[in-house]
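Results of the structural survey
Here's the letter readout for the chains.
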Amino acid sequence: MKRYGWLGLLLLAALQAGAQDARMNAFVSSLMNKMTVDEKIGQLNLVTPGGPAVTGAVVSTNVEEKIRKGEAGGIFGLWGEDKVRKVQEIAVNESRLKIPLIFGLDVIHGHRTIFPIPLAVSCTWDMAMIERSARMAALEATADGLNWTFSPMVDIARDPRWGRIAEGGGEDPYLGAQIARAMVRGYQGDNLADPTTLMACVKHFALYGAGEAGRDYNTVDMSRLQMYQDYLPPYKAAVEAGAGSVMTSFNIVDGLPATGNRWLMTDLLRTQWGFRGMVVTDYTAVKEMTMHGLGDLQAVSALALKAGVDMDMVSEGFLATLKQSLAQGKVTQKEIDLACRRILEAKYKLGLFDDPYRYCNAERARRELLSADKRQFARELAARSAVLLKNDNQTLPLKPGGTVALIGPMADNRAEMFGTWTIGGDPNHPVTVREGIAKAIGDQGKILYAKGANFTDDPEFLRRAFPWGGAPEESRSPGELLEEALTAARRSDVVVAVLGESSNMSGEAASRTRIGLPENQLKLLQALHATGKPVVLVIFSGRPLTLTWEQEHLPAILMGWFGGIEAGNAIADVLYGAYNPAGKLSTTFPRSVGQIPLYYNHKPTGRPLNPNDKFTTKYLDESNEPLYPFGYGLSYTSFAYSDIRLSSTQLKGAGPLTASVTVTNTGKLAGEEVVQLYLSDPAASVSRAVKELKGFQKIMLAPGESREVQFSITPEQLKFYNSALQYDWESGEFGIQIGGNSRDVKQAKVVWTK
Ligand code: NOJ
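In short, a report on the structure. (Residues numbered from 1 in each chain as written. Predicted model: local features only at pLDDT ≥ 70, side-chain atom pairs only at ≥ 80, totals over all residues. Heavy atoms only, no water.)

**With respect to empty space enclosed by the protein**
Enumeration according to the criterion identifies 5 cavities of 30 Å³ or more in this entry. In this model, the largest cavity occupies a volume close to 250 Å³. Along the walls of the largest cavity sit 26 residues, with P118, M153, E167, I179 and M183 positioned nearest its centre. (1 Å grid on protein atoms, 1.4 Å probe; cavity = no way out; pocket = protein on both sides within 12 Å on 5 of 7 lines; lining within 4 Å. Points joined across faces, edges and corners; volume = space filled by probe spheres on them.)

**Details of the pattern of salt bridges**
Counting across every chain of the model gives 47 salt bridges. Its salt-bridge partner being K203, residue D106 comes within 3.2 Å of it at the nearest N-O pair. One end of the pair, D106, is in the loop between strand 3 (102–105) and helix 5 (118–122); the other, K203, is in strand 5 (residues 201–205), and 97 residues separate them in sequence. With respect to class, D106 is no different from K203; both count as buried. For the salt bridge of R161 with D159, the shortest nitrogen-to-oxygen distance reads 2.7 Å. D159 matches R161 in its accessibility class, with the two residues each being buried. (Salt bridge = Lys/Arg side-chain N within 4 Å of Asp/Glu carboxyl O. Helix = DSSP H or I, 4+ residues; strand = E, 2+ residues; numbered from the N terminus. Buried < 20%, exposed > 50% of the residue type's maximum accessible area, 1.4 Å probe, protein only.)

**Considerations on the sheet that holds strand 16 (residues 556–559)**
Hydrogen bonds between backbone groups are what pair the strands of a sheet, and the pairing can be parallel or antiparallel. Sheet architecture is open: 6 strands sit in the order 11-16-15-14-12-13, paired in mixed fashion. On the outer flanks of this sheet lie strand 11 (387–391) and strand 13 (445–450), each paired with one strand and no other. Sheet twist, expressed as the average angle between the axes of neighbouring strands with direction ignored, equals 15°. As judged from the 4 bridges shared by strand 11 and strand 16, these two strands associate in the antiparallel manner. Following the sheet pairing, L388 is matched in strand 16 by L558. Packed on one face of the sheet, helix 19 (residues 478–490) meets strand 12 (402–407), strand 13 and strand 14 (494–500) and runs near 160° to strand 12. Along the sheet face, helix 22 (residues 567–575) touches strand 14, strand 15 (535–540) and strand 16 and points at about 145° away from the line of strand 15. (Pairing = 2+ DSSP bridges. Axes fitted to C-alpha atoms, helices over the stretch in contact; angles between N-to-C directions. Contact = heavy atoms within 4.5 Å.)

**Thoughts on the sheet that holds strand 3**
The sheet built from 5 strands is open, its strands ordered 4-3-2-1-10 with parallel pairing. Across the chains shown, the open sheet's two edge strands, defined by having one partner strand only, are strand 4 (148–149) and strand 10 (312–313). Here 2 bridges tie strand 3 to strand 4, and the two strands are oriented parallel to one another. Bridge assignment links G104 to a residue of strand 4, and that residue is W148.

**Here we look at the pairing of strand 14**
Counting buried residues along strand 14, 7 of its 7 residues qualify, which places the element largely inside the surrounding structure. Residues V494, V496, V498 and G500 of strand 14 are buried on one face, and the alternating residues V495, A497 and L499, pointing to the opposite face, are buried as well. Two elements, strand 12 and strand 14, share 4 bridges in a ladder whose sense is parallel. Bridging across to strand 14, I407 finds its partner in A497. Taken together, the 6 bridges between strand 14 and strand 15 define a ladder with parallel strand orientation. In the strand pairing of strand 15, V496 is matched with V536. With helix 20 (residues 519–530) bridging strand 14 and its parallel neighbour strand 15, the resulting β-α-β unit is right-handed. (Right-handed = clockwise from strand over helix to strand, strands pointing away.)

**Focus on the nonpolar core**
Among the nonpolar cores identified, the biggest contains 209 residues, and W148, F205, L232, L389, F540, W561 and L575 are the most heavily contacted of them. Aside from chain neighbours lying at most four places away, what touches L389 is L547, Q551, I557, M559, L585, F589, Y628, Y632 and L634. Core analysis: the next-biggest nonpolar cluster, separate from the first, contains 24 residues, L657, V663, L701 and F734 among them. (Core = buried A, V, L, I, M, F, W, Y, C linked by side-chain atoms within 4.5 Å.)

**Quick look at the packing of helix 6 (residues 127–142) against helix 7 (residues 173–188)**
Two elements in contact, helix 6 and helix 7, have axes whose closest approach is 7 Å; the angle formed by their N-to-C orientations is 35°. With respect to the hand of their crossing, helix 6 and helix 7 are arranged in right-handed fashion. Facing M127, I130, E131, A134, R135, A137 and A138 of helix 6, the residues of helix 7 in contact are L175, Q178, I179, A182, M183, R185, G186 and Y187. Residues of the contact of helix 6 with helix 7, tallied by class, amount to 10 nonpolar, 2 polar and 3 charged. (Left-handed = near helix turned anticlockwise from the far one by under 90°. Nonpolar A, V, L, I, M, F, W, Y, C, P; charged D, E, K, R; others polar.)

**Re helix 1 (residues 5–34)**
Compared with the 44 Å implied by 1.5 Å per residue over 30 residues, the 44 Å span of helix 1 between its first and last C-alpha is a close match. Against the buried residues of helix 1 lie helix 2 (37–43) and helix 14 (333–349). (Expected span 1.5 Å × (residues − 1).)

**Structural notes on unusual backbone geometry**
Excluding glycine, a negative phi dihedral is what most residues carry, and trans is how most peptide bonds are arranged. Along the chain, F205 connects to A206 via a cis peptide bond; the corresponding omega equals 5°. Tracing the chain through its elements places A206 in the loop between strand 5 and helix 8 (224–231). Looking along the chain, the bond that leaves I596 and enters P597 is cis, with omega of 0°. Examined against the element boundaries, P597 turns out to sit in the loop between helix 22 and strand 17 (639–641). In this structure, V314 is a non-glycine residue whose phi angle is positive, near 70°. With respect to the helices, strands and loops of the structure, V314 is situated in the loop between strand 10 and helix 13 (317–327). Look at V314 and you get buried, because its relative accessible area is 3%.

This is the structure in structure tokens:
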């Protein structure tokens, strides 16, 4: 290092990367010289053999035959090192050019060892843990034949009616961007050719979380300013972190489906952001553009290719029409070549040309799949994802003695612990809450279990949620179930009600207009409360729920989300105090559906709320406030914040400004706190959000301990997109807020000029 200096080393690294690129280009060019047009188009085709990976009405057919004929570049929905090896053998031994296939799957929150759902994990605000969860998923998936995951999903979501809010990191662009980076780092490491790393696919590009009315696949229409400021940052962060691929979204962006949108896929993604990987469509998104009114299959396929899409997932629009479009001059050879090149480059980077079986290693599979360290990590992650929403009179943690009535459709339900997207997970593996609690209390206490209710008693809901049957409902009548539960409750010292959504009530195609507990479960809860016993509510769900009655009447509420394979142990760890909860919400919890969209970083209005003045922004029948704000979450201990100390209140130039607070653990238990920094820009050339998260630190404090937490603020954090879409900051006054959630903050001001 001394000899060359930093600059020399950087230059050397750049030269090496350049040489690697040159080797890759030469390899890919020489391969492409041997390829026919059909073989090139074949590489652009992504097929699935069906099974649990199907998320649409169309499925690929004759998959083996297509591989043999060079009509498939990749396959998704197949895993298992032996199964993958067999299919790869067809490509490598039986197709003319022996080009290996790429193998993808939705490894969304763990592969075989299922971790909590992404929305849950985002509530840890712990980027090291999040990165580690992706790393663990990669270790497992790559030992199981896979080299490509359709993750991370980084769609900003401000609408909890949308079922896919479960799959992302919540409503905030800053937190979302941090998570996007951590996930990409975790999956890809710094070398895609390493057989333990997985190529990431950031999705759904773009704005998929902003579907109107929270209905899946629905229209999106928003200003460029809002896009740039609030919705694009996580995708951009994932691209900057080196994500190898990007998936198009189903929705329209600026009036054109993302999949056919050249501004989005080429001008923004590649030219402005410098993305160099491959773009795959979402499931049949090419074909669906015909339904958007963009022409027949040939027209929309040409549109997608010209927009910058490389791989067509399941539509087979590329396979069926591009050759004809080429002959008719509707697409060019150069466009086909470019897409083919990007796919071959991805395969090259994954090392598949060196060894097509490098992700098929039986010995590694034996070692990695469901290993003890992954399960242990899953338990920690699930406990850290839980958010304590209410805890009056120190109801929690529970003491192990006495009798617990454990009630609810999620209390002893193994198969429902995972939540959405768990293709590789085995529903026989999770630990139930009943098992977790039984282990936690040992022989010191007694559990009286009763199911109490089904998830719902609404037959139409069940029909929609389970169009193919298999609803986890049982035949005993609601009355019988309720009676059994009340009997158990009356004999207990405390009731733990484990209620919420079943796994398929959130996720894809699982939007809801009423997002409270299903009516029958709420009735059960109210009846349990009426027994006079203290009721602790533990919630499983894939979205924020409206919990207004619950907040008003129950002493303790714990949001468990879907905790994955170790959910039951993790919930018990939190309930009995083995872990002191520290999760903080990454999405706002509304009081009622009518308030949606409700998010903390909203714009000010010209008529702020004044309940005594008619002509101000408000509802006649509901408060403007959320039930639980963004960033909120309690602990078994309590924290006090000092006022903010600033290194200066008048600044010029680059700064930085230091803002610090002293945080004190004022309770009796050690605990973690996420100290959050929000900035505001009350006078600017465009209307700015009332506040925006710009930093956070998670700290652990012993009882009575105080710590100074410092944030170093630079003009970079003051930047925003102006009406010309330039990213810059403007001189003036800025508000600084620091606190344990977005509502309860200390405030200070600074005047900062350029
Ligand atoms: C449709 C979903 O929108 C997408 O997220 C997923 O990756 C694909 N199906 C493939 O399963």
